[in-house]
Amino acid sequence: DGLASMRTHTTPVKTAGHAGDGMATMQTPSAPVKPTSTGYPLELSGSLAGSLAGSAAEVSEVPQPETDYWLPWHVDSNFVTILHKEMYASEITGEFIPEPPGSGLMLMNEVGETTMLNCSDPNTLLLQMGAFAQIYTGGKLKACRHAVLNPVKPGVARFNYCNFWYVPWDTLCTAPEGMEATAVNKGWNAMMDESYLNITMKQSFTAFRQFMVSPEARVQFSDSQRFKELSALLPIVRRKQGDGSGPDIQVDLLTDVRCPFSFISQMNLQAAIQNMGLQDSVVVRYHPVFLNPNVPKEGESLDDYLWREFGYTKEYAHSEDYPLRRYGREAGVEMNPNRRVVNTFDAFCVIHAAQEKGLQHELVQLLSRWYFEEAKDISDASVLRAAVEAVGLDGEATMQRSQELRGAVQDRYEEYSAMLGEVPHFLLREQASGNGLELGGLRSVEAWEQVLQQVTERGKFMGMTIDGPHGRQVRLDRANPFTPVSHALPAQHGWLPSAWPYEEADFSRMDERPDDQMYAEPRLAEHLDLDSLQSITDTYEAIFKACPDGFKVLDLCSSWNSHYPAEIQRASQVAVHGLNSVELEMNEVATERHVQDLNQQQKLPWADNTFDVATLALSVQYLTKPREVFAEMQRVLKPGGMAMIVFSHRSFIEKAVRLWAAEPDDGEGHAHAVCRYFQHGPAKGWEKLNTMDVSPRHGDPVWIVTAVKPMH
């Protein structure tokens, strides 16, 4: 029945429970119990702790302030920081105002206790240690974890005095010999783990900066290293965005199909999904982690197995008081005590084949019912074929395909089992953001509802709503609202230079030869990685969905691939513009093509008010006459039409203009430059500017600036 540790394999795997006490844990009954999702005591919710049915769980819980963080919990990457208490002022008048209630600097000690900085003397300075100080002293000095609470309303500015003490960028962060273990933090406090050792000051600062702008910084102390590793192994299958159906959640279940705790927990999860109305928003995928891959072909009587492993008599295992029968009945499952312990490798090969046809979930549910309720032998080929045909698949073809997938299933099992010692194990993620939870064990319907709510909440750390074409609002699910690029324009509170801030020399280039020489031969290459290009496509899709049927699109500085989504099929005109005629002829979505060097001739060949959307991707850095080009783009757009400028950190540096190549702040600095191109165009030519970061979790950055042509 999968209730004990495997004894015949190098990677022990046991079920997340014990038939005698019903503990929904992954530890032995004698051990202090915490749910597997525990990463840090502040984040352990009562609902999750309460899912430990029948156990005397030892769970420490520290109350967390019910407020957002302006600056999330972190450890500074430097040696020493000097901080002054925050001050507040009106953004309109500049006058000081009282500190808003519930705001201020929060401090945390190494065991997770928190306090707010309260000091009567307004001139107090706080001296705190950073990561380098702790590591250099082998932990004798402790880095201070801190955060800033954010109940501040719009229109209130927050500022304080900060003095950060660094060392030369190439200084290595090394601990005293023999003190490496005490120099870093582990467990829930692993923000300063071994990855801080033996890196330079610059590398430490770069990693710190990346963390502070990540959505994960707002979801703290719950994403374990295993969550990240499993997320990398089990990529999210993206759904189309922008349909307004609410959050999509992907559940990856790593288990053995014959694990009873897994099946009961699945049934409770399905009930929670139904209760919350998420039937169309949750996708469950199944992955093999066998309780014992060495079960003989003929299997074994469950009665013999329970007697040998646990000393349970047949009478007890068949009685109404047997815990598994009780738990199953509560979940709507009648556990049949006459089933056998079987080898489930072939079953998972068939399940894998069903996944390719989109019927994996249906097949798993049917096989589970047959095994646990009807005691069918799900290792038998005829039973497997009957199940395959019952869910609507071709029996012969699916069984043949399952044989071809045996190697892939074995590889997956070895990869997953190396990371997990217990089943079932659930990885739940909100699809747009990738944020979520990893946890294990048997959970009640109520506990699953709380888990799903937490995953949904975590998805809110991603996504931005911007002004789209023709007065429509557009939701970009994959935009990160916390990065410097997304803050670039809002942080200036409407300020802009009173005059064009650039000189002619700013648009000089290392290679001043005509651009058509460089592009004389077609370049059939992609300039970003696939995940980043997909992010561009997803953004285009959201924008195009806001356009009416028959909309018209202009792709400036285009090539053989505009990276437009299938939504472009609703367009009546797709004009692509670029330097190489061969590349443009290969662009499959184009309805017309135009070859032109914008650095030589800025006048576009289209009439006023022609297009609904104009895109310019990965080429704005090469424009030597950006004001003129942007003015032309504004002219050919319809009133209410939208311009989208996409850029990244890559370029042919010898062809990039000097102001772009010399900009030290990749991303936000370039976003400011593109904003200036819009802001210093024709009088009242553009409005509703937005800057956003739609970079994927892994890959090249993708930054976008958008603007709309006024309706009147």
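Residues numbered from 1 in each chain as written. Predicted model: local features only at pLDDT ≥ 70, side-chain atom pairs only at ≥ 80, totals over all residues. Heavy atoms only, no water.

1. Some thoughts on the pattern of salt bridges
Condition: Basic side-chain nitrogens of Lys or Arg form a salt bridge, by our definition, when they fall within 4 Å of a carboxyl oxygen of Asp or Glu. The helix and strand labels rest on DSSP assignments: H or I over at least four residues marks a helix, E over at least two residues marks a strand, and numbering proceeds from the N terminus. Burial classes: relative accessible area under 20% of the type maximum marks a residue as buried, over 50% as exposed, and values in between as partly exposed (1.4 Å probe, protein chains only).
According to the stated counting rule, one finds 31 salt bridges in the structure shown. Here arginine 570 and aspartate 549 are joined by a salt bridge, their closest N and O atoms 2.5 Å apart. Taken together, the residues span a long stretch of sequence, with arginine 570 in the loop between strand S21 (552-556) and strand S22 (573-578) and aspartate 549 in the loop between helix H18 (530-545) and S21 at a distance of 21 residues. What makes aspartate 549 exposed here is its relative accessible area of 64%.

2. Some remarks on the pairing of strand S20 (residues 473-476)
Selection rule: When DSSP locates at least two bridges between a pair of strands, those strands are taken to pair.
In S20, alternate side chains face the same way, and those of Val474 and Leu476 are buried while those of Gln473 and Arg475 on the opposite face are not. In this sheet, S20 lies alongside strand S19 (residues 464-467) in antiparallel orientation, the contact comprising 4 bridges. Bridge pairing in S20 links methionine 464 to leucine 476.

3. As for the nonpolar core
What counts, and what does not: Among buried residues, the Ala, Val, Leu, Ile, Met, Phe, Trp, Tyr and Cys ones that are joined through side-chain atoms within 4.5 Å form a nonpolar core. For this analysis, residues touch if any pair of their heavy atoms sits within 4.5 Å.
Counting 75 residues, the largest nonpolar core has Val251, Leu363, Phe426, Leu428, Trp448 and Leu452 as the members making the most contacts within it. Those residues in contact with leucine 428 that sit more than four places away from it in its chain are Phe227, Gln250, Val251, Asn435, Gly436, Leu437, Leu439, Trp448, Val451, Leu452 and Val455. Listed in part, the 38 residues of the second largest apolar core include Ala488, Ala575, Trp660 and Ala707.

4. Observations regarding the sheet that holds strand S24 (residues 611-617)
The cut-off we apply is this: Here the axes come from fitting lines to C-alpha atoms, over the contacting stretch only for helices, and the angles between their N-to-C directions go from 0 to 180 degrees.
What the 7 strands build is an open sheet, ordered S23-S22-S21-S24-S25-S27-S26; its pairing is mixed. The open sheet terminates on both sides in strands that have one partner only, identified here as strand S23 (592-595) and strand S26 (687-693). For this sheet, the mean angle separating the axes of adjacent strands, direction not counted, is 15°. As paired elements, strand S25 (residues 637-647) and strand S27 (residues 703-708) share 6 bridges and run antiparallel to each other. Each residue of the ladder has a partner; that of methionine 644, found in S27, is threonine 706. On the sheet, H18 packs against S21, S24, S25 and S27 and is oriented at approximately 170° with respect to S25. Relative to S25, helix H22 (residues 668-679) is tilted by about 155°, and along the sheet it contacts S25, S26 and S27.

5. Digging into the packing of aromatic side chains
Any pair of aromatic rings gets described here by the distance separating the centres and the angle formed by the planes. Formally: When two rings of Phe, Tyr or Trp (its six-membered ring) have centres within 6.5 Å they constitute a pair, described as stacked for plane angles under 30 degrees, edge-to-face for angles over 60, and tilted for the intermediate range. Only when the NZ atom of a Lys or the CZ atom of an Arg is both within 6 Å of the ring centre and within 35 degrees of the ring normal do we say a charge sits over the ring.
Counting across every chain of the model gives 34 aromatic pairs. Judged by centre distance (5.2 Å) and plane angle (5°), the ring pair of phenylalanine 263 and phenylalanine 372 falls under stacked. Of the two residues, phenylalanine 263 sits in helix H6 (residues 260-275) while phenylalanine 372 sits in helix H11 (residues 360-374), which places them 109 residues apart along the sequence. For phenylalanine 372, a relative accessible area of 0% translates into the label buried. Summarising the aromatic geometry, the rings of phenylalanine 544 and tyrosine 564 are spaced 5.2 Å apart at their centres and angled 85° between planes, so their arrangement reads as edge-to-face. Pair noted here: phenylalanine 544 is in helix H18 and tyrosine 564 is in the loop between S21 and S22, with a separation of 20 residues, a long-range link. By relative accessible area, which is 0% here, phenylalanine 544 ends up buried. Through a chain of ring-to-ring contacts, the aromatic side chains of Trp500, Tyr502, Phe507, Phe630, Tyr677, Phe678 and Trp686 assemble into a single cluster. Between the NZ or CZ atom of arginine 326 and the centre of the ring of tyrosine 327, over which it lies, the distance is 5.6 Å. A cation over a ring is seen here: lysine 376 above tryptophan 370, with NZ or CZ 3.7 Å from the ring centre.

6. Structural notes on a nonpolar patch on the surface
The line we're drawing: Without a salt bridge and with relative accessible area above 30%, a residue can belong to a patch; like charges are then joined within 9 Å and nonpolar side chains (Val, Leu, Ile, Met, Phe, Trp, Tyr) within 5 Å. Here, Shrake-Rupley sampling with a 1.4 Å probe gives the accessible areas, and only protein chains in the shown set may cover a residue.
A cluster of nonpolar side chains, contributed by Met87, Phe96 and Phe159, occupies part of the molecular surface with about 290 Å² of accessible area. Take phenylalanine 96: it is sitting in strand S5 (residues 96-97).

7. Details of the sheet that holds strand S8 (residues 125-129)
Within the open sheet, the 3 strands sit side by side as S8-S3-S11. Their pairing is antiparallel. Looking at the sheet topology across the chains shown, the edges are occupied by S8 and strand S11 (162-165). Strand-to-strand twist across the sheet, computed as the mean angle between neighbouring axes with direction ignored, equals 15°. Both strand S3 (residues 80-84) and S11 contribute to a ladder of 4 bridges, which runs antiparallel. If you follow valine 80 over to S11, its bridge partner there is tryptophan 165.

8. Some remarks on the packing of helix H20 (residues 626-636) against H22
Basically, it comes down to this: An angle below 35 degrees is read as roughly parallel, one above 145 as roughly antiparallel, one from 65 to 115 as roughly perpendicular, and any other as oblique. The sense of a crossing depends on the near helix, which, turned anticlockwise from the far helix by less than a right angle, makes the crossing left-handed and, turned clockwise, makes it right-handed.
Look at H20 against H22: their axes get within 8 Å of each other, and the N-to-C directions meet at 60°. Between H20 and H22, the angle falls in the class oblique. Considering how the two elements wind past one another, H20 and H22 form a crossing that is right-handed. Two secondary-structure elements touch here, H20 through Pro626, Phe630 and Met633 and H22 through Val674, Tyr677 and Phe678.

So yeah, pure geometry; function would need other evidence.
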